[in-house]
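Okay, here's what each chain looks like letter by letter:
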Number of protein chains: 4
Amino acid sequence: MLIVMDKKATESEIKVVVTAVEAKGYTARPIPGGDRVSIGVLYNKGAVDTSLFIGYPGVKDVVPVTRPYKLVSREFQSEDTLVKVGNVTIGNGHFAIVAGPCAVESERQALTIAALVKESGATLFRGGAFKPRTSPYSFQGLGEDGLKILARVREETGLPVVTEVMDDPTFDLVEEYADVIQIGTRNMQNFSLLRRAGRARKPIFLKRGMAATIDEWLMAAEYILEGGNSQVILCERGVRTFAHHSRNTLDLSAVPVIRKESHLPIVIDPSHAAGRRDQVIPLSRAAAAVGAQGVMVEVHHTPEEALSDGAQSLYPKQFHDLCRQVMAIYNV
Amino acid sequence: MLIVMDKKATESEIKVVVTAVEAKGYTARPIPGGDRVSIGVLYNKGAVDTSLFIGYPGVKDVVPVTRPYKLVSREFQSEDTLVKVGNVTIGNGHFAIVAGPCAVESERQALTIAALVKESGATLFRGGAFKPRTSPYSFQGLGEDGLKILARVREETGLPVVTEVMDDPTFDLVEEYADVIQIGTRNMQNFSLLRRAGRARKPIFLKRGMAATIDEWLMAAEYILEGGNSQVILCERGVRTFAHHSRNTLDLSAVPVIRKESHLPIVIDPSHAAGRRDQVIPLSRAAAAVGAQGVMVEVHHTPEEALSDGAQSLYPKQFHDLCRQVMAIYNV
Amino acid sequence: MLIVMDKKATESEIKVVVTAVEAKGYTARPIPGGDRVSIGVLYNKGAVDTSLFIGYPGVKDVVPVTRPYKLVSREFQSEDTLVKVGNVTIGNGHFAIVAGPCAVESERQALTIAALVKESGATLFRGGAFKPRTSPYSFQGLGEDGLKILARVREETGLPVVTEVMDDPTFDLVEEYADVIQIGTRNMQNFSLLRRAGRARKPIFLKRGMAATIDEWLMAAEYILEGGNSQVILCERGVRTFAHHSRNTLDLSAVPVIRKESHLPIVIDPSHAAGRRDQVIPLSRAAAAVGAQGVMVEVHHTPEEALSDGAQSLYPKQFHDLCRQVMAIYNV
Amino acid sequence: MLIVMDKKATESEIKVVVTAVEAKGYTARPIPGGDRVSIGVLYNKGAVDTSLFIGYPGVKDVVPVTRPYKLVSREFQSEDTLVKVGNVTIGNGHFAIVAGPCAVESERQALTIAALVKESGATLFRGGAFKPRTSPYSFQGLGEDGLKILARVREETGLPVVTEVMDDPTFDLVEEYADVIQIGTRNMQNFSLLRRAGRARKPIFLKRGMAATIDEWLMAAEYILEGGNSQVILCERGVRTFAHHSRNTLDLSAVPVIRKESHLPIVIDPSHAAGRRDQVIPLSRAAAAVGAQGVMVEVHHTPEEALSDGAQSLYPKQFHDLCRQVMAIYNV
């Protein structure tokens, strides 16, 4: 961290800041420049809270230097993390295709879709049993019945299943049935849930918050690793911007940044980013091209009858084309 | 809702959409225009999911018309909601000043600050016992010990206390000690927590999510009212934008919009919006001027020693000036 | 356009609005719904200004329905526009690779880079002679001397050249030398410049404004087509969001939207979006995959000595790899 | 500027960077920290382009420290700039109320509105003669006829007039008639126009770009001051965010930041920020409270007949109330 002093800061103001830094146990090193002094803060373990020094007289600005994350960083672990789910591996050259309906609606619906997506090339099945919905009046998912249907899907097809957990009281239940536990975008900074995920014995699929910086996202993953669970898959699903031609703006530049900064695998969810079917194939192609290690796509055999998010669900035929294209692009 | 058809949509495409609308139990009314047909969707209770119709052949666009919220809307209840906390009333002409430290650090700290802010004009005391922190390595609050200190503050000063709840397992505990229960910005769409808050017997202080639209924020409040708790205070605390000269961008235009759309009181938190002390007084003045029904401000007797958010905490002397100014402005 | 009335709007308020709509020469069609009336505005040519009706008593909301653009829309012209520059065609299956330095610095620099990029596969050369710079103290480009160097590059290599125009007084000059005239992101709504571009006899390369919606961008192109010049290439170069790990956030979902809404070709500029070299190849791959019709990339033989934007310029070797990869991906 | 090296950067990589910094004429000072080295760049005049060093092997990050602006900064001139227009002074305790229609539509319209706003307390008159419009099909202003009407308004009422300039060819004309020359939000980085404004003999009213940072805005002003014109008024008019309940999000935190960083006066335009009448009075109150030195408000005697932006124009009676309230608040 660097503390930048005003041009007119006095010697004694500088001294007060130096003393304050050292009172916190760090080393302060004043760096006289052309027309102002800056003070380097050194020998800190992890990031220092910039707000600690911003209010002192004579301080113009405080500039963070060190990244706040540790266990998730590539500086800490240089090899890619491989996430293993049954026979499936995610990360480092293994491109995952996660597909299925937004919500599990019935055993027949789930099995029908699962058979179709498996045939096309999906390696994991997705489906929500507990659904976070903006409105209390919308369909909230089948709950435990949905989880049981997911278990049936796994038995029938052999596909591992990914499903979302929404809170602490239902975490044990979800952990019992799921192969991969998803934490949704609205819960990315639900720190109690992250701590519980750190104690889980299943891999965590951590979606990026709708307005989260890369640092905040990696710090959310840090909670999970710090709790003892190092099997984390990151998922970019669009961020909130002024643009409204897609539901959210898919931030594909996050992929090279995450791959440089962290050893965790990253997967793209084009369905929730777009919010409309006609953008899903182009964005999936882009995901494979940009270096992501998988895509998560919503597919429904009769999207016009889906109980949620029908507009963004692909028809099975479209998904079939998608699989063929993304694998070809990924291999370029 | 209005379904806008392509200029070239055929009669039979229009018919299919009309049939689909009516299959959902709504009334479809085609409206022939200059060069295209639109289809009005009528007699729906509450908002219709626009995604239901966006994928049909010949459909160009689907435009929502009705607002999704109901119980929180001024169309539903035209008089302002008054929130009562002990002797304090919030809403409809009663300007609330909520003040205290970011986190409760010790009994002595809390009592010292409480005495100071009460003397200056604060009507409620704030202080965090459970702290949501971006980093797992930061100070996480005193937990139940913090709640006990808040109870002491209330006994000593008579000020009702506002404190944050982070999850379901600790909700009963927080509800036992707090006079007003805060749900933080990162939990605004933690729907399990909102459902629990709907069953609480204490008023809820609901912060706007960092990237939440007004509709989403009011829908979060709708969860609480729908659960049976109509004592909800909304709190605007800045939204995430490209601008970085303040930590978040305080969106004061939310105030006239909320006051028009809803009967719930709205309070401004300039401390978290700004993230730095020198913006807190100007923004508090603006809050009083724009028509908000209160401010929530962080104050610390020795901010440079605060365990969290020291940079945005006012000195007691500054808070004293703030109280005088906001009351004078509010009365213009 | 749809005018949504309050639930409590009176008959006479509705009548006033209907009269006002018809006074503007449109047809007003009241649509009684479940609990409120909406009024359709019909037979308008082009979009109606929503602000005309928003202030009337009893009006709750005004919802635009028709898109504001006309000549640029695919509804107006269903076949793709092909832009021809010498032997090069852009659009409809012809993938353009535009490459060169940010700024023309000297004849030697320009010729060196041009030879390198041509060999790797570039089809057009780019280079700035007039440079829009945030600071008045930064290098502003070589001006006319830069244009002459570009002409030399064209003679030597046969590559058509793309260069930026900044204002009316220098437009004739740029038009004389350039094969394609670029309008930069900061001038996307410089309407005087757009009108002048409408009279130009050379194709226009129109960058999206840093915070422009798709509608605004297409309306900027509409100015040019309306002026008589239908040879317009759109260029997405990243938009401004809260995220700061790239200089701007590349919005690749703009590609399928533009291709659906308009007949104009769209090209991606990953260099300005990223602002740093290590994201340029991944984002170029994504551009080819998502369906863009070209990329514009900054390349420099000695980027560490570049007078502007060196950090985002590729080394020639990297550009060579890029060309190979994007062409392979584009052909999937 | 601080160059942060990788933890694993070698001695020779550090040496290469130090040499590169010194080759540019700066001083490089390596600062060894706990587990990495940073290199301070010193004795630079003005900001150093961070991109110069970001691509070197072993460089992890480059952190700017010095602000890029000079002449506009309060470090350069500590006293407030006073802008004088006829008998009116703006800045340092003189609160300006600029009012009038969006566009000059006729002599009668302009004189009617001018008489009304003067009586209520306006100190300057605004009205557009050249109008930047998103659509080429919208009313573009009366041009020189509009300027002549503005001159008539000044003669009749004694109010100085503010009007917008859009381009170089019409600058002389606007300069001849206007008392204050406005540069609009879409032209904030039209650097040719800024250079011309630097040679103008009239004060410049510089609106913030819709997505401009404070630094970019001040750098645009720097162009004008650097050109020789130090009479610049800054105007915040809302920025583009994800929120859509107002047309733009008014960023009032810009006011304390500008007042701290710069000596130039700052005025708020609530009309364009809101885009709808019912937010204009609350936001004007907030502007006066937050410490701005004026407001610019659209007023029309018959807004429902206005040729542009009628929805955001106040009725004269509302403007009368606004003046009374903002002056009372400003004086608290």
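Please read all numbers here as calculations on a predicted model, not as lab measurements.

Chemist: Give me the confidence of the model for chain A: which residues, what numbers.
Modeler: Residues with a pLDDT of 70 or more make up 98% of chain A, whose mean pLDDT is 92. Confidence estimates for the predicted assembly give a pTM of 0.92 and an ipTM of 0.90.

Chemist: An account of helix α2 (residues 107–120) of chain C is needed here, citing residue identities and associated values.
Modeler: Residues and elements named next belong to chain C. An ideal rise of 1.5 Å per residue puts 20 Å on 14 residues; α2 measures up with 20 Å between its terminal C-alpha atoms. Considered for burial, the residues of α2 that qualify are Q109, A110, I113, A114, L116 and V117. Elements that come into contact with the buried residues of α2 comprise β7 (96–100), β8 (124–126), α3 (144–157) and α10 (316–330).

Chemist: Go over the packing of α2(C) against α3(C), please, and point to the residues and values.
Modeler: Residues and elements named next belong to chain C. As a packed pair, α2 and α3 sit with axes 10 Å apart at the nearest point and diverge in direction by 35 degrees. Between α2 and α3 the crossing geometry is right-handed. On the side of α2, the interface is formed by E107, A110, L111, A114, A115 and K118, while α3 contributes I149, R152, V153, E156 and T157. Partitioning the contact of α2 with α3 into residue classes produces six nonpolar, one polar and four charged.

Chemist: Report on the interface of chain C and chain A, specifying residues and quantitative values.
Modeler: Chain C puts 34 residues into the contact, and the matching count from chain A is 34 residues. Of all the secondary structure elements, the ones that give two or more residues to the side of chain C that touches chain A are α7 (254–261), α9 (280–290) and α10 of chain C. The element best represented in the side of chain C that touches chain A is α9(C), accounting for seven residues. Residues belonging to the side of chain C that touches chain A are distributed by class as follows: 21 nonpolar, nine polar and four charged.

Chemist: For the sheet that holds strand β3 (residues 37–42) of chain A, give the residues involved together with the corresponding values.
Modeler: Within a beta sheet, neighbouring strands are joined by backbone hydrogen bonds and run either parallel or antiparallel to one another. Residues and elements named next belong to chain A. Judged by pairing direction, the sheet is antiparallel, and its four strands sit side by side in the order β2-β3-β1-β4 without closing on themselves. Only two strands of the sheet have a single partner each, and these edge strands are β2 (27–32) and β4 (59–63). For this sheet the average axis-to-axis angle between neighbouring strands, irrespective of direction, equals 20 degrees. Two elements, strand β1 (residues 2–5) and β3, share three bridges in a ladder whose sense is antiparallel.

Chemist: Which residues make up the domain arrangement of chain A, and what values go with them?
Modeler: For chain A, the assigned domains read domain 1 (2–63) and domain 2 (83–330). A straight line from the C-alpha centre of domain 1 of chain A to that of domain 2 of chain A covers 44 Å.

Chemist: An account of the relation of the copies chain C and chain D is requested, with residue identities and associated values reported.
Modeler: The two chain copies are connected by a rotation around an axis plus a translation along it. Each copy superposes on the other: chain C lies on chain D with an RMSD of 0.0 Å after a rotation of 180 degrees and an axial shift of 0.0 Å. Each copy turns onto its partner about a two-fold axis. Of the C-alpha atoms belonging to chain C, the one lying closest to the rotation axis is found on A211(C), 3.1 Å away. A high fraction, 100%, of the interface residues of chain C reappear at the interface in chain D, so the copies pair face to face through one surface.

Chemist: Give a detailed account of the relation of the copies chain C and chain A, specifying residues and quantitative values.
Modeler: Between chain C and chain A, which share one sequence, the superposing operator has a rotation angle of 180 degrees and an axial displacement of 0.0 Å; the RMSD is 0.0 Å. Same-surface contact between copies: 100% of interface residues of chain C are shared with the interface of chain A.

Chemist: How would you explain the sheet that holds strand β2 (residues 27–32) of chain C if you had to name every residue and give the values?
Modeler: Residues and elements named next belong to chain C. Ordered by their spatial adjacency, four strands build an open sheet running β2-β3-β1-β4, and the pairing between neighbours is antiparallel. In the strand order of this sheet, the two ends are held by β2 and β4 (59–63), each with one partner. The sheet shows a mean angle of 20 degrees between the axes of neighbouring strands, taken without regard to direction.

Chemist: Provide a residue-level description of the pairing of strand β9 (residues 161–164) of chain A, including the pertinent values.
Modeler: Residues and elements named next belong to chain A. The side-chain alternation of β9 yields two buried faces, one formed by V161 and T163 and the other by V162 and E164. Judged from the two bridges that link them, strand β8 (residues 124–126) and β9 form a sheet pairing that is parallel. Bridging across to β9, F125 finds its partner in V161. Taken together, β8, helix α3 (residues 144–157) and β9 form a β-α-β motif whose crossover is right-handed.

Chemist: Go over the interface of chain C and chain D with me, naming the residues and quoting the values.
Modeler: Across the contact, 40 residues belong to chain C and 40 residues belong to chain D. Elements with a minimum of two residues in the side of chain C that touches chain D: α5 (191–198) and α6 (214–226) of chain C. Looking at the side of chain C that touches chain D, the element that brings in the most residues is α6(C), giving five residues. Taken together, the residues that form the side of chain C that touches chain D break down as 17 nonpolar, eleven polar and twelve charged.

Chemist: I'd like a rundown of the packing of helix α9 (residues 280–290) of chain B against helix α9 (residues 280–290) of chain D, residues and numbers included.
Modeler: For the pair α9(B) and α9(D), the least separation of the axes is 7 Å and the interaxial angle reads 150 degrees. As the angle between them shows, α9(B) and α9(D) are arranged roughly antiparallel. You can see that α9(B) and α9(D) cross each other, and the crossing is right-handed. Contact with α9(B), carried on its side by P282(B), L283(B), R285(B), A286(B), A288(B), A289(B) and V290(B), involves P282(D), L283(D), R285(D), A286(D), A288(D), A289(D) and V290(D) of α9(D) and no other residues of that element. Among the residues forming the contact of α9(B) with α9(D), the class breakdown is twelve nonpolar, no polar and two charged.

Conventions we followed
Chains are numbered independently. Their residues run from 1 in the order of the written sequence. Here every chain gets a letter starting at A, and every ligand a number starting at 1, in the order they are written. For this predicted model, a pLDDT threshold of at least 70 governs which residues receive local features, and a threshold of 80 or more governs which side-chain atom pairs are given and counted, while totals over whole chains, interfaces and linings are taken from all residues. For every residue, the predictor reports its confidence as pLDDT, a number between 0 and 100. Runs of H or I in DSSP of at least four residues are treated as helices and runs of E of at least two as strands, each being numbered from the N terminus. Given the number of residues in a helix, its expected span is that number minus one, multiplied by 1.5 Å. Field definition: a residue is buried when 20 or more other C-beta atoms are found within 10 Å of its C-beta, exposed when 12 or fewer are, and partly exposed for counts in between, with C-beta atoms placed from the backbone. We call two residues in contact when the distance between their C-beta atoms, placed using the backbone, is within 7 Å. Only the contacting stretch of a helix is used when fitting its axis, a line to C-alpha atoms as for every element, and angles between N-to-C directions run 0 to 180 degrees. Should the near helix be turned anticlockwise from the far one by less than a right angle, the crossing is left-handed, and should it be turned clockwise, the crossing is right-handed. Put simply, Ala, Val, Leu, Ile, Met, Phe, Trp, Tyr, Cys and Pro go in the nonpolar bin, Asp, Glu, Lys and Arg in the charged bin, and everything else, Gly too, in the polar bin. Strand pairing is assigned whenever DSSP detects at least two bridges linking the two strands. Bear in mind that the domain bounds are from an automatic or database domain assignment. In this comparison the copies share one frame, found by least squares on the C-alpha atoms of residues holding pLDDT of at least 70 in both. Crossovers are marked right-handed if the path from the first strand over the helix to the second runs clockwise, as seen with the strands pointing away from the viewer. Oblique is the label for any angle not covered by the other classes, which are roughly parallel (under 35 degrees), roughly antiparallel (over 145) and roughly perpendicular (65 to 115).

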